[in-house]
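Summary of structural features
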Amino acid sequence: MLIYGECVRCAKVTHYFRRDLNLKFVLQVFRDFTFIGDKQYLKDMLPLCLIVMKKSLAWDKDDDGLIENSGTADQTYDSWIMTGPSAYCGSLWLASLFSVIQMLKEPENGIPEAEKSSWLEVFEKMLHKGKNSFEEKLWTGEYYRFDKSTGSHANTIMSDQLCGHWFLSQCGVDDSFVFPESKVRMSLKTIYKNNVLGFCNGEMGAVNGVNVDGSIDTHSIQSEETWTGVTYALAATMISNGLIKEGFKTAEGIYRTVYEKIGMGFETPEALIHTKKYRGIGYMRPLSIWSMLNAWNRNKAQDGHHGVSS
């Protein structure tokens, strides 16, 4: 039987020290503010974001501007362990730095000027260092590697490697200073080729992890799964970056699998394991499908700035 002390210890490992949850809170606040423009909301939420970011700063152990994963279940892929800098948490970290800087620069945000200037200095310095480290440590020339560990799966092509960019693209901001457009598009094309087209004949969305030789990463159960919500978010990111056909092809695979092949449209599962199993029915993450609509509307509003890919 699990005693109280063990429950507290587990909660600290899986939640209090989760690298991604703090950052997603900040990103959701920024997203909501860009959607509704409510200054009172910003005044209420920005102080909380600063508390969260202050805690998260401690996760940069080597002062390179990037937070490091601990090699434990410290993020949502809790059986797919990350060690050191990682594409998933690194992109979320850079996006959250960008977001909190934008909110601090917003007029009438409720933060005293002296405190605002102090935080801006910290976060802007961290973002500058972090984005350089992200490129130097994780960019392979075609995609951002899974993490900087010494494990065999360190170079895995992860479908969720641009999660931070997905959040910012939903806000309609220019984040090319943080995520260079050419590298974003190269990463998306690499993911599409390997994780989408190279998996189940391109008819089941994006598998979470693919090795550089094109085989599925079987390092953990989560690396070989397809996550419904991640696939929809990836599709939205493709659409935001002008890869229209690729985005809808990616989403079509998971949609047809869930609705037409396994009949789980109204109990959408979190994860599919190839074509035989699924888990986590009625999950929240697949609501990311709405980000596809937002991406499509923003793309149309830009009047074909990216163009439609061939």
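Throughout what follows, the structure given in this document is the object of discussion. (Residues numbered from 1 in each chain as written. Predicted model: local features only at pLDDT ≥ 70, side-chain atom pairs only at ≥ 80, totals over all residues. Heavy atoms only, no water.)

1. Overview of the layout of surface pockets
Basically, it comes down to this: Within this scheme a cavity is a closed region of a 1 Å grid, computed over the protein atoms alone, that accommodates a 1.4 Å probe without allowing it to escape, whereas a pocket is open but has protein on both sides within 12 Å along at least five of seven lines; lining residues each have an atom within 4 Å of a point. Grid points are joined across faces, edges and corners, and a volume is the space filled by probe spheres set on the points. What counts as a helix is a DSSP run of H or I of at least four residues, what counts as a strand is a run of E of at least two, and both are numbered from the N terminus. Lys, Arg, Asp and Glu make up the charged group, whereas Ala, Val, Leu, Ile, Met, Phe, Trp, Tyr, Cys and Pro make up the nonpolar group; the residues left over, Gly among them, are polar.
Considering only enclosed or pocket space, the largest pocket measures out at about 510 Å³ in volume. Every residue lining the largest pocket is counted, 24 residues in all, and those nearest its centre are Gln28, Trp166, Phe167, Arg285 and Ser288. Of all the secondary-structure elements, those providing two or more residues to the lining of the largest pocket are α2 (19-36), α6 (163-171), α8 (228-240) and α10 (289-301). Its residues placed into classes, the lining of the largest pocket shows 11 nonpolar, seven polar and six charged.

2. Comments concerning the packing of α2 against helix α3 (residues 39-57)
Note the cut-off: Inter-axis angles, ranging from 0 to 180 degrees, are taken between N-to-C directions of lines fitted to C-alpha atoms, where helices are fitted over the stretch in contact. Any angle that falls under 35 degrees is termed roughly parallel, while one over 145 is termed roughly antiparallel, one within 65 to 115 roughly perpendicular, and all others oblique. Note: crossing handedness is left-handed where the near helix turns anticlockwise from the far helix by less than a right angle, and right-handed where it turns clockwise. Contacts between residues were defined by any pair of non-hydrogen atoms, one from each residue, lying within 4.5 Å.
In contact at an axis separation of 9 Å, α2 and α3 are set at 160° when each is read in the N-to-C sense. Regarding the angle of α2 to α3, the classification is roughly antiparallel. For the crossing formed where α2 meets α3, the hand is left-handed. Two secondary-structure elements touch here, α2 through Asn22, Leu23, Phe25, Val26, Gln28, Val29, Asp32, Phe33 and Ile36 and α3 through Lys39, Tyr41, Leu42, Met45, Leu48, Cys49, Val52, Met53, Lys55 and Ser56.

3. Quick look at the nonpolar core
Stated formally: We call a set of buried Ala, Val, Leu, Ile, Met, Phe, Trp, Tyr and Cys residues a nonpolar core when their side-chain atoms join them within 4.5 Å. Burial classes follow relative accessibility: with a 1.4 Å probe on protein chains only, a residue under 20% of its type's maximum area counts as buried, one over 50% as exposed, and anything between as partly exposed.
Core analysis: the biggest nonpolar cluster contains 85 residues, and Leu46, Trp93 and Phe123 have the highest contact counts within it. In terms of residue count, the dominant contributor to this core is helix α4 (residues 87-105) (13 residues).

4. Observations concerning helix α7 (residues 181-196)
Operational definition: By definition here, a helix of n residues has an expected span of 1.5 Å times n minus one.
Taking 1.5 Å per residue, 16 residues should reach 22 Å; α7 reaches 21 Å between its end C-alpha atoms and fits that length. Val184, Ser187, Leu188, Thr190, Ile191, Tyr192, Asn194, Asn195 and Val196 are the residues of α7 that are buried. Residues of α7 that are buried make contact with β3 (157-158), α6, β4 (209-210), α8 and α9 (244-261).

5. Concerning the packing of aromatic side chains
The line we're drawing: Any pair of Phe, Tyr and Trp rings, taking the six-membered ring for Trp, is counted once the centres come within 6.5 Å. Such a pair is stacked with planes under 30 degrees apart, edge-to-face with planes over 60 apart, and tilted for the rest. Two conditions define a charge sitting above a ring: the NZ of Lys or the CZ of Arg must be within 6 Å of the ring centre, and it must be within 35 degrees of the ring normal.
On inspection of all chains with the given rule, the structure shows 11 aromatic pairs. Cation over ring: lysine 131 sits above phenylalanine 177, and NZ or CZ is 4.6 Å from the ring centre.

6. Some remarks on a nonpolar patch on the surface
Using the following cut-off: Two distance rules govern patches: like charges are joined within 9 Å, and nonpolar side chains (Val, Leu, Ile, Met, Phe, Trp, Tyr) within 5 Å, applied only to residues with over 30% relative accessible area and no salt bridge. The method behind every accessible area is Shrake-Rupley, applied with a 1.4 Å probe, and residues are considered shielded solely by the protein chains displayed. Here, a salt bridge means any side-chain nitrogen of Lys or Arg that lies within 4 Å of a carboxyl oxygen of Asp or Glu.
There is a patch of nonpolar side chains on the surface, built from Phe248, Met284, Leu287, Ile289, Trp290, Leu293 and Trp296 and spanning about 750 Å² of accessible area. No other element matches the four residues that α10 contributes to the nonpolar patch. Structurally, isoleucine 289 is set in helix α10. Judged by its relative accessible area of 36%, isoleucine 289 is partly exposed.

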